[in-house]
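The primary structure of each chain is shown beneath.
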Number of protein chains: 2
Amino acid sequence: MTHSAYAAAGVDIDAGNEAVARMKAAVQATYTPEVLGGIGDFGGLFDAARLKAMREPVLVASTDGVGTKVKLAATFGRYESIGHDIVNHCINDILVQGARPLFFLDYIAASKLDPARIAAVVKGMAEACRAAGCVLLGGETAEMPGVYVEGAFDVAGTIVGVVEREAMLPRRDEIAPGDVLIGLASSGPHTNGYSLIRAVLVDRLASAQPDSPLVDALLAPHRSYLTPIEHARSAAPIKALAHITGGGFVENVPRVLPPGLRAEIDYTAWPMPPIFELIQTAGGIGDAEMRRVFNCGIGMVMIVHATHVEAIRAALDEPSWVVGEVVRG
Amino acid sequence: MTHSAYAAAGVDIDAGNEAVARMKAAVQATYTPEVLGGIGDFGGLFDAARLKAMREPVLVASTDGVGTKVKLAATFGRYESIGHDIVNHCINDILVQGARPLFFLDYIAASKLDPARIAAVVKGMAEACRAAGCVLLGGETAEMPGVYVEGAFDVAGTIVGVVEREAMLPRRDEIAPGDVLIGLASSGPHTNGYSLIRAVLVDRLASAQPDSPLVDALLAPHRSYLTPIEHARSAAPIKALAHITGGGFVENVPRVLPPGLRAEIDYTAWPMPPIFELIQTAGGIGDAEMRRVFNCGIGMVMIVHATHVEAIRAALDEPSWVVGEVVRG
C-alpha cells in the first residue's frame, strides 16, 4: 500500500529494524480482501463492492488531530498510544452519524523523523484500526525542519466510513422532551484540554517518570465506542449520539438536538475520575470551565426513548449512567 | 459541513471578517447535491449513489502534505496558493490510478491560528476543489503551541476518488518495449525540493519582495493534470501515468513499470524552465541530483503505445514532449 510513503521518509519498511518490522506486520494485519494493489502505488485502493450491496450508501468522512497530547507523548517518549488516540477519535466522530469505518489514512510530521518513533505511532494506529475492522489504507510522513519545534511531532488522520441513509444519526425529528441521556465512561481526557493540563500540572510533569501513574492516566488512549454502541443498537434504537470532545457536554450535546429542545445534565450522576479532580484542584479550575474543556469522565452520550433505557443499559458490557434528560427550551 | 471545525478553532465562519466570508462562499461553491447534512455535523456526508451506478467501483484515497513550501508561503505572507498546492497534489496522486476525485478533507495546524490566513488557505483549497468537481467535505484546524515554530504552519490533505476497476491504472501487463513516454509541463517545483531551494537561494530570498518574480515562480501552485489527462484518454488509451514528485523521474517512473522493463529518459527533449536553472546554478547542483529532487519542468508522464502518440498529443490543449521510451532491462 501507500506505506511506501514511510519508505520515502526514511522509514524503510523492509529494513531490519525490529520496531519497523512490527509496524509493517501490524499494518498488514489490517488488510482485508477489499484492499487492492500493492506497495508502491500512489493511492490506496479499496474495493467498494460492499457499497454496491447497500440500498442507499452514504460515505461519512472526518479528519482530526490529537492536539497537544502529542507534546506530552514526545516529552515522555511514549508514542504508541497516540496512534490509538487518533484512530479512535476518528472512529467515534463518524460513529455518531451512524457510520462504521472502512479505511483510515494518517499524516505524521516532525522537524526530524525518527523511524522507531514513527513506527511506534503507526503500529498503534494499525492496532486500533484492526480492532475496529478498519483498513489502514495509506499515510504520509513529512520531515519539516523550521516548521516543527525540535523534538516535537504532529499526527493527523482521516477516516472514511459508510452508513445506510435510513440508519443515519442523529434522528433529530424523533428527539422529544423526556428522552434520556445515557453516558459511557471515557478512558481519561482523551485528546482534549492538553494545553491546559500541561499548564496546570507543569511542576508535577517536570518530575514525573515516563511510566508513572500520572503519565499513564494522561496518556491513556482515547477509547473507541464502536462495540458498546453496537451492543446498545442491537437492544433498542438510538436517536442520537454525542461524542464529548473539545467543548464538553456544553457544546457537543446541543449539536445533535433539534431547535426548541435542550439537555438538562445532572453532573452529579457519575463519579468524576481522579485524574480530572487532580487537574481541577491543581489548576483551581471552576466547575463551569471543567465542563467546557473536559469530558469529565463521560466520553459518549446516547439519546434514547425513556422506555428503552433499561434494555440498552442491560445490553452493555460496561457501566453506564443516566446523565440527563431532554427538555424544552 | 464539518467546517464547524474552523469555527471551533477560532475561525468563526459567521464572523464579519471579509476573508472568512470569501472562504465560506468558496467552500459552499464546491458542494454538489451529493453533499448531505449541514454545518455542525461531526463528519462530512457524501451520497454514494454514484458508486451504486458503477459496475465495479474502487475507492482510491491518498493523504499528502506540501512539505516545506509552507515555510516559504509563511515567510512571504502568501497563503492562498498553498491551498491549490495541496488539493492538486492529491488530485494528481489518485489520477495516476485512473481515479476522479469525489471529496477532499484538510488539516491545518500552527502554533497560533490566524483566521485571515487560515481562510486564505481554505479558499485556495476550495477553488482548486471546485475546478476539479471535488467537494471540500471537511477539515480540522489545530492550534498547537510548543509543537509548531512560531509563525509557521502546516497543511495536509486527504482525497477520496473513485475508478471503475477495469479502468484502473497502471496497466502494467500492457506496457511493452517501444512504448512512448509523453511529458506534460509542470508549473514550477510543485511541492518538492523546498528545503534545498530555501538553502541554495537563502541570500536571494532574504532580500526578495513578496510579489517579486522569484517568489511568484517558487510559490506557483502545483497544477492539476485532471483536464489534460481526460483529453488524452478521450483520444487513445493510456497505459500508465507517473506523477513526478519527490524522487523525480528517477523514482516515480519505475513505480508504474512491470519487472524487466525500464524507461530511457531523454533529458534534452524539453527545455528546463528558468527557475530550475537558477536553483541549479545557485546551488552548484549536479544534473543527477537535480533529476532526483526536482521535476525539472515535467510534472506528469503518460506511457502510451507508439501508434497513439500523435493522436494523444493532438488532443491536448497544451505543449507536450516525447521524453523517453520503454526499453528492456
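Every value quoted in this text rests on a predicted model; they were computed, and no experiment measured them. (Residues numbered from 1 in each chain as written. Chains lettered and ligands numbered in written order. Predicted model: local features only at pLDDT ≥ 70, side-chain atom pairs only at ≥ 80, totals over all residues. Heavy atoms only, no water.)

Within chain A, the secondary structure is distributed over 14 helices and eleven strands. Relative to a compact globule of 329 residues, whose C-alpha radius of gyration would be 20 Å, chain A shows 20 Å and is just as compact. Summarising its shape, the C-alpha atoms of chain A cover approximately 60 × 55 × 30 Å along the three principal directions. In chain A, of all internal contacts separated by at least 6 residues, the share reaching a separation of at least 24 is 85%. For chain A, the accessible surface area stands at approximately 11700 Å², while carbon and sulfur atoms represent 52% of it. Mean positive and mean negative side-chain charge positions of chain A (27 and 37 charges, respectively) differ by 3 Å. (Helix = DSSP H or I, 4+ residues; strand = E, 2+ residues; numbered from the N terminus. Rg over C-alpha atoms; globule rule 2.2 N^0.38 Å. Contact = heavy atoms within 4.5 Å. Areas by Shrake-Rupley, 256 points an atom, 1.4 Å probe, with all protein chains shown as cover. Lys, Arg positive; Asp, Glu negative; His and termini not counted. Charge placed at Lys NZ, Arg CZ, Asp CG, Glu CD.)

A few words now on the interface of chain B and chain A. Listed per partner, the contact involves 62 residues of chain B and 63 residues of chain A. In total, about 4900 Å² of surface goes out of reach between chain B and chain A, with carbon and sulfur atoms giving 60% of it. At the boundary of chain B and chain A, one finds two salt bridges. Between Arg165 of chain B and Asp47 of chain A there is a salt bridge; the shortest N-O distance is 3.4 Å. Linking chain B with chain A are 21 residue pairs in polar contact (both at pLDDT 80 or more), by the criterion used here. (Buried area = accessible area lost by both parts, 1.4 Å probe. Salt bridge = Lys/Arg side-chain N within 4 Å of Asp/Glu carboxyl O. Polar contact = N/O pair within 3.5 Å; in protein donor to acceptor, adjacent residues only side chain to side chain.)

Helix length check: helix 5 (residues 80–95) of chain A (16 residues) gives 23 Å between terminal C-alpha atoms against 22 Å at 1.5 Å per residue, within 8%. Burial runs high along helix 5 of chain A: 15 of the 16 residues are buried. (Expected span 1.5 Å × (residues − 1). Buried < 20%, exposed > 50% of the residue type's maximum accessible area, 1.4 Å probe, protein only.)

Residues and elements named next belong to chain A. For chain A, the assigned domains read domain 1 (8–167) and domain 2 (172–328). Placing the centre of domain 1 and that of domain 2 at their C-alpha centroids yields a distance of 24 Å. Each side of the interface is counted separately: domain 1 has 23 residues, and domain 2 has 29 residues. Across the domain 1 to domain 2 interface the summed buried area is about 2300 Å²; carbon plus sulfur atoms make up 62%. It is Lys69, Leu72 and Phe76 in domain 1 that bury the most area against domain 2; as a group they hold 27% of the surface buried on that side. Our count for the contact surface shared by domain 1 and domain 2 stands at two salt bridges. In this structure, the salt-bridge partner of Glu230 is Arg100, at a minimum N-O distance of 1.7 Å. At the junction of domain 1 with domain 2, the criterion picks out 16 residue pairs in polar contact (both at pLDDT 80 or more). (Domains from an automatic or database assignment.)

All names here are of chain A. Position of Glu164 relative to the elements: it lies in strand 6 (residues 153–164). Nearest to the buried, unbridged Glu164 among oppositely charged side chains is Arg55, at 4.5 Å. Residues contacting Glu164, with those up to four places away along its chain left out, are Met54, Arg55, Glu56 and Pro57.

Below, the discussion takes up the packing of helix 2 (residues 18–28) of chain A against helix 6 (residues 115–131) of chain A. Residues and elements named next belong to chain A. Interaxial distance between helix 2 and helix 6 falls to 8 Å at its minimum, and their mutual angle equals 25 degrees. Between helix 2 and helix 6, the interaxial angle falls into the category roughly parallel. Handedness of the crossing formed by helix 2 with helix 6: left-handed. Where helix 2 abuts helix 6, its residues Ala19, Val20, Arg22, Met23, Ala26 and Val27 lie against Pro115, Ala116, Ala119, Val122, Lys123 and Ala126. (Axes fitted to C-alpha atoms, helices over the stretch in contact; angles between N-to-C directions. Parallel < 35°, antiparallel > 145°, perpendicular 65-115°, else oblique. Left-handed = near helix turned anticlockwise from the far one by under 90°.)

Moving on, we get to the relation of the copies chain B and chain A. After a rotation of 180 degrees and a shift along the axis of 0.0 Å, chain B superposes on chain A with an RMSD of 0.0 Å. Expressed as an axis order, the relation between the two copies is that of a two-fold axis. Of the interface residues in chain B, 100% have counterparts in chain A that sit at the interface too, so the contact is made through matching surfaces. (Least-squares fit on C-alpha atoms with pLDDT ≥ 70 in both.)

What follows concerns the nonpolar core. A general feature of soluble globular proteins is that nonpolar side chains tend to end up buried together. Grouped together as the largest cluster of nonpolar side chains are 178 residues, with contacts concentrated most on Phe104, Phe153 and Met302 of chain A together with Phe104, Phe153 and Met302 of chain B. Formed by 28 residues, the second largest nonpolar core is a distinct cluster that contains Phe103 of chain A together with Phe46, Met54 and Ala61 of chain B. (Core = buried A, V, L, I, M, F, W, Y, C linked by side-chain atoms within 4.5 Å.)

Moving on, we get to the pairing of strand 4 (residues 100–110) of chain A. All names here are of chain A. Judged by how many residues are buried, strand 4 sits mostly within the fold: ten of eleven residues are covered. Sheet analysis places strand 4 next to strand 6, joined by ten bridges and oriented antiparallel. Counterpart to Arg100 in the pairing with strand 6 is Val162. Sheet analysis places strand 4 next to strand 5 (residues 135–143), joined by eight bridges and oriented parallel. When the bridges of strand 5 are listed, Asp106 appears paired with Gly139. (Pairing = 2+ DSSP bridges.)

In this section: the sheet that holds strand 2 (residues 44–47) of chain A. With respect to topology, six strands assemble into an open sheet ordered 1(A)-2(A)-3(B)-6(B)-4(B)-5(B), the strand pairing being mixed. Sheet topology places strand 1 (35–36) of chain A together with strand 5 (135–143) of chain B at the edges, where each strand pairs with a single neighbour. As judged from the two bridges shared by strand 1 of chain A and strand 2 of chain A, these two strands associate in the antiparallel manner. From the neighbouring strand, Leu36 of chain A faces strand 2 of chain A, where its bridge partner is Leu45 of chain A. The strands touched by helix 6 (residues 115–131) of chain B are strand 4 (100–110), strand 5 and strand 6 (153–164) of chain B; relative to strand 4 of chain B, the strand with the most contacts, the crossing angle is about 170 degrees.

Right, let's talk about helix 6 of chain A for a bit. Residue and element names in this part refer to chain A. For helix 6, which comprises 17 residues, the first-to-last C-alpha distance of 24 Å matches the rise-based estimate of 24 Å (1.5 Å per residue) to within 8%. Here helix 6 has its buried residues at Ile118, Ala119, Ala120, Val121, Val122, Lys123, Gly124, Met125, Ala126, Ala128 and Cys129. One side-chain oxygen of the residue at the start of helix 6 lies 2.9 Å from the amide nitrogen of Ala116, identifying that residue as Asp114.

All names here are of chain A. Between Leu169 and the following residue, Pro170, the backbone shows a cis peptide bond with an omega angle of -5 degrees. The phi torsion at Cys296 lies on the positive side, around 55 degrees, for a residue other than glycine. Within the secondary structure, Cys296 is located in the loop between helix 13 (287–293) and strand 10 (298–304). On the accessibility criterion, Cys296 (6% relative accessible area) is buried.

Turning next to the pattern of salt bridges. Residue and element names in this part refer to chain A. Following the criterion strictly, the structure yields 28 salt bridges over all chains and no others. The partner of Arg50 in a salt bridge is Glu34, and the shortest N-O contact between them spans 2.8 Å. Note that Arg50 is positioned in helix 3 (residues 49–52) and Glu34 in the loop between helix 2 and strand 1, a separation of 16 residues in sequence. Taking the relative accessible area as the measure of exposure, Arg50 reaches 33% and is therefore partly exposed. We classify Glu34 as buried; its relative accessible area is 16%. With its nearest N and O atoms 3.5 Å apart, the salt bridge here joins Arg117 to Asp114. Salt bridges linked by common partners bring Glu80, Lys123 and Glu127 together as one network.

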